[in-house]
Amino acid sequence: MEKEYFMREAIRLSVENVNSGKGGPFAALVVKDGKIIASGTNLVTSSNDPTAHAEITAIRNACKVLNSFQLEGCEIYTSCEPCPMCLGAIYWARPTRVYYGNRQADAAAIGFDDSFIYDEIALPQSSRSLPQEQLLPEEALKAFVQWKNKEDKTEY
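What counts, and where the lines are drawn
Residues numbered from 1 in each chain as written. Predicted model: local features only at pLDDT ≥ 70, side-chain atom pairs only at ≥ 80, totals over all residues. Heavy atoms only, no water. Helix = DSSP H or I, 4+ residues; strand = E, 2+ residues; numbered from the N terminus. Buried < 20%, exposed > 50% of the residue type's maximum accessible area, 1.4 Å probe, protein only. Contact = heavy atoms within 4.5 Å. Areas by Shrake-Rupley, 256 points an atom, 1.4 Å probe, with all protein chains shown as cover. Pairing = 2+ DSSP bridges. Core = buried A, V, L, I, M, F, W, Y, C linked by side-chain atoms within 4.5 Å. Salt bridge = Lys/Arg side-chain N within 4 Å of Asp/Glu carboxyl O.

### A look at the overall build of the chain
Across its full length, the chain carries seven helices and four strands. Listed N to C, the secondary structure of the chain is α-β-β-α-α-β-α-β-α-α-α in terms of helices and strands. Per-residue burial for the chain yields a buried fraction of 31% across its 156 residues. A fraction of 47% describes how many contacts in the chain between residues 6 or more apart in sequence connect residues 24 or more apart. For the chain, the accessible area works out to roughly 10,500 Å², and carbon and sulfur atoms hold 54% of it.

### Considerations on the environment of I37
Relative to the assigned elements, I37 resides in strand β2 (residues 35-41). Setting aside residues no more than four positions away along its own chain, I37 makes contact with V30, K32, A62, V65, L66 and C74.

### Describing the pairing of strand β1 (residues 27-32)
Of all six residues in β1, five are buried; the element is thus mostly enclosed. Inspection of the sheet shows β1 paired to β2 by six bridges, in the antiparallel sense. Bridge pairing links A27 to T41 in β2. Linking two consecutive strands that pair antiparallel, namely β1 and β2, is a turn of two residues; a positive phi of about 50 degrees is found at D33 within it. Relative to strand β3 (residues 74-80), β1 runs antiparallel, the two being bridged by five bridges. Within β3, the position partnered with V30 by the bridge is I76.

### Quick look at helix α4 (residues 84-93)
Listed as buried for α4 are P84, C86, A89, I90 and A93. Check the buried side of α4 and you find it contacts α3 (54-66), β3, β4 (97-102) and α6 (115-122). Immediately beyond the C-terminal end of α4, within one or two residues, lies R94, with a positive phi of roughly 60 degrees.

### Side note on the nonpolar core
If you look at the biggest cluster of nonpolar residues, it comprises 20 residues, and the most contacted ones within it are V30, I59, A62, L71 and I76. Elements represented by at least two residues in this core include exactly β1, α3, β3 and α4. Per-element tally for this core: the top contributor is α3, with six residues. If you look at the next biggest cluster of nonpolar residues, it comprises nine residues, including F6, L29, V31 and Y99.

### Focus on the pairing of β4
Examined bridge by bridge, β3 and β4 share five bridges and lie parallel to one another. Its bridge partner lying in β4, C80 is registered against N102.

### Observations concerning the pattern of salt bridges
According to the stated counting rule, one finds five salt bridges in the structure shown. With its nearest N and O atoms 2.8 Å apart, the salt bridge here joins R12 to E16. With R12 and E16 both in helix α1 (residues 3-20) and four residues apart, this pair spans about one turn of that helix. Taking the relative accessible area as the measure of exposure, R12 reaches 40% and is therefore partly exposed. Relative accessible area serves as the criterion here: at 42%, E16 is assigned to the partly exposed category. Close ionic contact of R103 with E81 constitutes a salt bridge, the shortest N to O distance being 3.9 Å. With R103 in the loop between β4 and α5 (104-109) and E81 in the loop between β3 and α4, this residue pair connects regions lying 22 residues apart in the sequence. Counted as one network, the salt bridges with shared partners bring together E9, R12 and E16.

The following block contains the structure:
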């Protein structure tokens, strides 16, 4: 199938999500071998979960279908350019490509402006608006040392 077919389906789901009242105007699909294996819509308000963005929901659903924590060989079609959180999740999931409809500026124009997150990430921790403080680093390293030395771990 053509790329436009899958994007139209993501757009259709985003419009449907607005009408359903379950969340914002966002939807995403995961496609593998020319077939939709999973979809997701924004469910932030209906699930009281700030991480329930369309891309995150679609990634979770696709990983269940594939019984894998990675989306190798998959493409993601999303109705809007991914926010920083979703972009991070997409990189961790390792699809081969991402297609998007609306741009960040389009989302900002209707109240979904994530530019402040990009601005914050670029700042040193000490200058960010959300205070962050390291505690018990020596104790926290114990788990990292165990992981490093674990012979039967599943790398990702």
